[in-house]
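The residues making up each chain are set out below.
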Number of protein chains: 2
Amino acid sequence: MPRYALLVEYDGAPFVGWQRQRDGMSVQQVLEEAAAPLNGGVEPVVGAAGRTDAGVHAEGQVAQVDLGAELPVERVREALNTRSRPYPVSVLSVARPDEEWSARFSAVHRAYRYRILNRRARPGLDMGRVWHVPQRLDAEAMHEAAQGLLGHHDFSAFRASSCQARDALRTLDRLDVSRQGEEIVVRVEARSFLHHQVRNMVGTLAQVGRGLRPVSWPRQVLDARDRRHAGQTAPAEGLCFVSVRYEPGLEWPI
Amino acid sequence: MPRYALLVEYDGAPFVGWQRQRDGMSVQQVLEEAAAPLNGGVEPVVGAAGRTDAGVHAEGQVAQVDLGAELPVERVREALNTRSRPYPVSVLSVARPDEEWSARFSAVHRAYRYRILNRRARPGLDMGRVWHVPQRLDAEAMHEAAQGLLGHHDFSAFRASSCQARDALRTLDRLDVSRQGEEIVVRVEARSFLHHQVRNMVGTLAQVGRGLRPVSWPRQVLDARDRRHAGQTAPAEGLCFVSVRYEPGLEWPI
């Protein structure tokens with residue numbers, strides 16, 4: 001069956017997450033239901049590069065779906081965007097990878113962004129898009145602390161208890177923290193991540209930003225390999241899945 | 001009674017607009033109900049610099065309220081932000097102007113921003129924040145056409161039939177159109193605006209952007225002073241009230 005790659009944007013707020021669940025609407029279910037008419041009325045399975053949690057957003061999620069027909073990519077995109085209404089999910093582009101390509105397993109690089117609104121007043125316009133931390137954060141201290149986590153490590157200390165990965169060895173390529181006006185923006189890149197790894201790292205760095213822990217502490221947490229030593233899990237709503245890279249790269253024709 | 005100035009941010013989506021109405025929640029009602037405990041349990045009147053329509057957002061609305069007590073500005077802000085939950089309204093700052101100051105009538109300059117998402121795919125993350133125009137728009141042509149509207153004119157052609165202003169003479173100080181990736185951003189500034197003036201100007205410029213009308217057309221519409229000649233009213237959701245200026249300026253202490 002012909003395989004299609006989908007570049008997908010969504011607001012995570014109304015969803016139980018990427019993955020189908022019994023207790024609410026998921027991004028996966030929206031896309032699978034929207035794709036059924038393109039697949040002889042049968043809902044196909046739609047897989048994703050990253051199975052984002054409830055409340056997590058995406059501006060560059062990549063998904064895959066096999067459909068029972070050869071269709072122009074424009075038609076696949078238009079049909080999915082028409083039938084996924086009124087949910088805040090949009091298929092930005094559709095490509096035709098070869099049939100060995102997997103949205104999840106062929107990915108060689110993933111990028112996330114985490115936004116903290118760092119001001120006294122709670123969010124108005126960006127409610128559901130940011131983690132609101134009213135206490136002043138020192139972004140430079142957070143950035144310095146973050147550099148101690150770069151490289152190949154056992155990230156057990158930042159792994160959710162629910163994480164299903166076989167091991168906790170990961171290579172963190174980037175963890176940049178910067179202030180942009182009232183916002184602290186964290187940019188994170190790696191080949192792959194453990195469940196809650198980004199949110200646990202951000203929650204730990206925020207302790208440093210508030211001056212509650214020294215700059216050296218996140219690295220000590222990493223080395224201890226014990227989740228109980230890390231900071232809180234930062235809330236889902238500040239997290240956005242920005243992009244996925246493949247080798248060879250996917251060509252998005254539209 | 002002591003007068004307080006409020007710098008307010010809100011997401012317009014869930015509201016019937018700034019102004020109180022019987023058929024739904026307004027930003028004004030959220031703030032008046034939140035302010036009652038600061039005013040001996042009586043809801044005070046909260047007035048605004050711009051009475052935004054349903055769906056229109058604000059990142060720099062300015063409002064005024066008289067309260068029956070001298071209160072620290074921090075306390076007013078914290079109380080309003082606690083009691084306005086869970087609505088997407090946030091008081092960013094509180095000032096103490098003199099008692100002749102009026103949020104509406106003392107304003108000498110207002111700035112709006114209008115966002116158009118100009119791509120095939122409908123908005124996912126920015127649903128409710130942008131006007132989606134799938135046909136390619138020529139931002140340079142729109143900008144050139146916009147310059148013909150600058151200055152002091154009778155803006156009857158861009159005025160809603162519901163507009164209650166005594167006359168349609170206004171001075172347009174800025175109307176810039178630029179492309180930022182997939183977005184067309186329109187920045188508009190004037191001392192004051194007619195009802196729907198920004199949205200009617202944007203709808204008219206979009207006709208030029210699509211190539212349906214020449215660059216000279218918006219000025220012809222202006223000169224004809226007849227609303228029936230203008231383009232559609234651009235949807236509320238793309239519009240954001242950015243800032244208000246006063247002379248002498250308000251000092252936002254927090």
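Everything below is about the structure shown above.
These notes cover the structure that comes with them. Keep in mind it's a predicted model, so treat the numbers as computed, not measured.

## Topic: the packing of helix α3 (residues 139–147) of chain B against helix α4 (residues 197–209) of chain B
Residues and elements named next belong to chain B. It is at 8 Å that the axes of α3 and α4 come closest, and there the two elements cross at 130 degrees. Taken together, the axes of α3 and α4 are oblique relative to one another. α3 and α4 meet at a crossing whose hand is right-handed. Counted together, Ala141, Met142, Ala145 and Ala146 of α3 and Leu205, Ala206, Val208 and Gly209 of α4 form the full contact between these two elements. Among the residues forming the contact of α3 with α4, the class breakdown is seven nonpolar, one polar and no charged.

## Quick look at the side chain of B:Asp11
Its place among the elements puts B:Asp11 in the loop between β1 (3–10) and α1 (27–35). Taking the relative accessible area as the measure of exposure, B:Asp11 reaches 14% and is therefore buried. Engagement of the side chain of B:Asp11 in a polar contact is seen with the side chain of B:Arg129, the distance being 3.3 Å. Non-local contacts of B:Asp11, meaning those with residues more than four positions away in its chain, are made with A:Gly124, A:Leu125, B:His57, B:Pro88 and B:Arg129.

## Things to note about the pattern of salt bridges
Scanning all chains against the criterion turns up 38 salt bridges over all chains. For A:Arg199, the salt bridge goes to A:Asp53, with nearest N and O atoms at 3.3 Å. On the criterion of sequence distance, the pair formed by A:Arg199 in helix α4 (residues 197–209) and A:Asp53 in the loop between β2 (46–48) and β3 (57–66) is long-range, its members being 146 residues apart. Its salt-bridge partner being A:Arg174, residue A:Glu189 comes within 3.0 Å of it at the nearest N-O pair. Of the two residues, A:Glu189 is situated in strand β9 (residues 183–190) and A:Arg174 in strand β8 (residues 169–180); the sequence distance between them amounts to 15 residues. Given the relative accessible area of 28%, A:Arg174 is considered partly exposed. Overlapping salt bridges, with partners in common, bring together A:Glu9, B:Arg119 and B:Glu182 in one network.

Parameters at a glance
Residues numbered from 1 in each chain as written. Chains lettered and ligands numbered in written order. Predicted model: local features only at pLDDT ≥ 70, side-chain atom pairs only at ≥ 80, totals over all residues. Heavy atoms only, no water. Axes fitted to C-alpha atoms, helices over the stretch in contact; angles between N-to-C directions. Helix = DSSP H or I, 4+ residues; strand = E, 2+ residues; numbered from the N terminus. Parallel < 35°, antiparallel > 145°, perpendicular 65-115°, else oblique. Left-handed = near helix turned anticlockwise from the far one by under 90°. Contact = heavy atoms within 4.5 Å. Nonpolar A, V, L, I, M, F, W, Y, C, P; charged D, E, K, R; others polar. Buried < 20%, exposed > 50% of the residue type's maximum accessible area, 1.4 Å probe, protein only. Polar contact = N/O pair within 3.5 Å; in protein donor to acceptor, adjacent residues only side chain to side chain. Salt bridge = Lys/Arg side-chain N within 4 Å of Asp/Glu carboxyl O.

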